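What follows is each chain in one-letter form.
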Amino acid sequence: MPDPEARKVIELGYGGNERLVMNMGPQHPSAHGVFRAILTLEGETVVAVDAVIGYLHRCHEKLAETLTYVQYPSIASKTDYVAAMTAELAYVAAVEKVGKIEVPKRAQYLRVIAAELQRVASHCLWLGTWCLDMGGALGGGATVFLYTIREREMVLDLFEMLTGARLLYGFHQIGGVRYDLPAGWAQKCRETVALIEKRVDEYEAMLEDNAFFLVRTQGVGVISSALAQDVGVAGPLIRGSGIDYDVRRADPYSSYEDFDFKVPVETAGDCYARYRVRMVEFRESIKIVRQVLDGLPEGPISSRPGVKSVGQVRVPKGEAYTRVEGARGEIGCHVIADGGPKPYRMKWRGASFSNLSVLPHIIPGCKIADVVAIMGSVDPVFGEVDR
Amino acid sequence: MATVIAAFILLNAVIGMVTYVTLLERKFAARMQSRIGPYYVGRPHGWLQPIADALKLMMKEDVVPATADRWVYNLAPIAFLIPCILIFATIPFAPGLGLVDLNIGVLFFLAVSALEIVGLFMGGWGSNNKYALLSAMRAVNQIISYDLPFIFTALVPVVLTGSLKMSAIVAAQQHLWFIAYPVLGQLAFVAFVVATLAAENRVPFDILEAESELVAGFRVEYSGMKFALIQLGEYAHMLATSFLGALLFLGGWLGPGPAALGPLWFLLKALLVFLLVTWVRWSFVRIRVDQILGISWKLLLPASVLLLLASAFVVAGGIGAA
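Note that the structure is predicted; figures quoted are calculated from it, not measured. (Residues numbered from 1 in each chain as written. Chains lettered and ligands numbered in written order. Predicted model: local features only at pLDDT ≥ 70, side-chain atom pairs only at ≥ 80, totals over all residues.)

### Quick word on the interface of chain A and chain B
Now for step 1: At the junction of the two partners, chain A supplies 31 residues and chain B supplies 24 residues.
Now for step 2: Where the side of chain A that touches chain B is concerned, the elements lending two or more residues are β1 (20-24), α5 (105-135), α6 (140-163), α8 (211-217) and α15 (368-378) of chain A.
Now for step 3: The element contributing the most residues to the side of chain A that touches chain B is α6 of chain A, with 6 residues.
Now for step 4: Tallied by class, the residues present in the side of chain A that touches chain B amount to 16 nonpolar, 9 polar and 6 charged. (Contact = placed C-beta atoms within 7 Å. Helix = DSSP H or I, 4+ residues; strand = E, 2+ residues; numbered from the N terminus. Nonpolar A, V, L, I, M, F, W, Y, C, P; charged D, E, K, R; others polar.)

### Some points on the domain arrangement of chain A
Residues and elements named next belong to chain A.
Now for step 1: Assigned domains within chain A: domain 1 (4-52) and domain 2 (60-386).
Now for step 2: On a C-alpha basis, the centres of domain 1 and domain 2 stand 30 Å from each other.
Now for step 3: With 20 residues of domain 1 at the contact, the number on the domain 2 side is 19 residues.
Now for step 4: Contributions of two or more residues to the side of domain 1 that touches domain 2 are made by α1 (4-12), β2 (36-42) and β3 (45-52).
Now for step 5: Here the side of domain 1 that touches domain 2 gets 6 residues from one element, more than from any other, and that element is β3.
Now for step 6: Class assignment of the residues belonging to the side of domain 1 that touches domain 2 gives a composition of 14 nonpolar, 4 polar and 2 charged. (Domains from an automatic or database assignment.)

### Section: the pairing of β3 of chain A
Residues and elements named next belong to chain A.
Now for step 1: Alignment of β2 against β3, held across 7 bridges, turns out to be antiparallel. When the bridges of β3 are listed, T40 appears paired with A48.
Now for step 2: Where β2 folds back on β3, the antiparallel hairpin that results is connected by 2 residues, among which G43 adopts a positive phi of roughly 65 degrees. (Pairing = 2+ DSSP bridges.)

### Comments concerning helix α6 (residues 130-161) of chain B
Residue and element names in this part refer to chain B.
Now for step 1: With 32 residues, α6 should cover 46 Å at 1.5 Å per step; its first-to-last C-alpha distance of 46 Å lies within 8% of that length.
Now for step 2: A maximum bend of about 30 degrees is found in α6 at L155, where proline P157 lies one to four positions downstream.
Now for step 3: Across the 32 residues that make up α6, a large majority, 24, are buried. (Expected span 1.5 Å × (residues − 1). Bend = angle between axes of the 7 residues up to and from the residue. Buried ≥ 20, exposed ≤ 12 C-beta atoms within 10 Å, placed from the backbone.)

### Examining the pairing of β2 of chain A
Every other side chain in a regular strand lies on the same face of the sheet, so the side chains alternate between the two faces.
Now for step 1: The pairing of β1 of chain A with β2 of chain A spans 5 bridges and is antiparallel. The residue bridging M24 of chain A from the neighbouring strand is A37 of chain A, located in β2 of chain A.

### Focus: the sheet that holds strand β8 (residues 343-349) of chain A
All names here are of chain A.
Now for step 1: Strand order in the open sheet made by the 3 strands is β6-β7-β8, with antiparallel pairing throughout. Each end of this open sheet is capped by a strand with a single partner; those strands are β6 (318-325) and β8. Taking each pair of neighbouring strands and ignoring which way they run, the sheet shows an average axis angle of 15 degrees.
Now for step 2: Bridging between β6 and strand β7 (residues 330-337) involves 8 bridges; their strand directions are antiparallel. From the neighbouring strand, Y321 faces β7, where its bridge partner is H334.
Now for step 3: Set on the sheet, helix α4 (residues 84-99) makes contact with β6 and β7; between it and β6 the angle comes to about 150 degrees. (Axes fitted to C-alpha atoms, helices over the stretch in contact; angles between N-to-C directions.)

### What about unusual backbone geometry?
Now for step 1: Here the amide bond leading from R43 of chain B into P44 of chain B is cis, since omega sits at -5 degrees, within 30 degrees of zero.
Now for step 2: Along the chain, P44 of chain B falls in the loop between α1 (2-32) and α2 (49-59).
Now for step 3: Of note in this structure, S254 of chain A is not a glycine but carries a positive phi near 50 degrees.
Now for step 4: Structurally, the position occupied by S254 of chain A is in the loop between α11 (247-250) and α12 (271-295).
Now for step 5: According to the C-beta neighbour criterion, S254 of chain A is partly exposed, with 19 such atoms within 10 Å.
Now for step 6: We note that S34 of chain B has phi near 50 degrees; this positive angle belongs to a residue other than glycine.

The structure is reproduced here in structure tokens:
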């Protein structure tokens, strides 16, 4: 919370040697992964924060240069391992754009259904861990976490039926998708989303009638719309700060223009606004899933024949940048191809990375307890930040 | 000699109860969270789990941080545990069934239970850990803010009775439990439960422990049996406060059936208060330290003072003279 008094304190440099430097992380119960925040405290108030990232750096971009177009999509899912489907989608979309490879309509629809279910699963985990941060592993937060993880498991069951995997899917391939819907999947999917829709109402009833939840989130961690644009945050953060921007509508990909959905926008810019945006996104994603299931065209699921060797897919020389709307915001992928079976260079634009860079602007002046609430509301996944 | 034996029995009974109260809480929380809870250690329903936990903690390596203030660090769990156990001494479980029925029983309870802060602060300071130190600072803040409303609300039944003696307070509820007093009783009980939550450091007021911010607060450096002692003290305090709540507001051992059932009624009521606290714990998120202090000084303290004054007027006006 940008408490004006605290800001004055920072500017005056009051306190001098009464400051305490405290590490939050890299191993900390509320760091979602390995993130180190070096906090400078004056009593309970945080006056400065120094963010240290890179603990989970795995050379993803270099890795992409050494792996072929067939191999890398399964690795791309390891950048954002909480929402693996959209990370894969960003990579294959970029390669398809370089190679001008057509994607059949059915495959596009299947990509949309995977991405939207992934958004629901990712938001489930976000809500649970965020409440865990605020309410504690030994309190009401744990209750919300166990409820949401139950729903996430149901979505993962759907993915398991579809791809055989629960975390890293390898569902997308250049030119389409790898698997078609198994028998009975559509029915199970409808039942699952209907149940989740009902459960989202329950979460709202549990949290929004809860005065303690409201005082912890309202007015905390305000990102003004100017700051949001300056820093370049995306996804639920920028929509929580009053800017109506969603890649799915601003730059439709994979037939998103066929579906009717609402982009939620809140103007407050605080943790509660980001929460509200994501709660509406739950419902909008479910709406899109239903539309896809209703309008799923027949046809092939890939424009390319099944691959027999890893070096089989080649794209001509060229470069392209594509972006998709992931659960955490805009995921960009820039691929430079040199005509061979591997890209010459690949660059990720991680949504979490851009979103995380807003922290030093909003944390000073907060209390320690707000740091975890704000970090949770940003929803970073450190696989995607560090890559 | 008889007192020593009685104290020994009481001590063991308390420790036994406290151990099983943890199982009760875990089962209750599991129900709320659509889980099963402890199950495999001792079928059915993990009834041996508390024993297994205690044994495990006894066998754990005792790690003392190299830079800790050894004396303070080692004494803290004991300094924390003693007041938490000692408060059971004045609780009568039935007429004449208690260690001592002091004529200042309630005062003794409140005074001794406030002493636990010494152990808390010793642990936070002695660990030489920044998280623990912050937690100790929060502890002092919070206990000072919440012991006042806690005492004031506990004094409402005292004023209505006109005695600090616990058995006298129960006797005064023969016809009407204090919680059934119109308006005054219910408000006082709610204020009492809120103050209890804070005095026991339970969610939503568990800023001392705050494992998502301060990892585990003042006990972050404790392991093995020292950790077990702190845990034991915390639950003993919670149970004692539940007994106090049952005694002050819910009529203690009064209930239908023969007088021999008294202790059972008392235990049931105390567990009811305990479950109420647990219910709150597993449904709320923690609030911030400044908000906690705000609630105490701006809302709870004035409200409890008003309640106390109101009960004084009731007594003076002879309205509630039962």
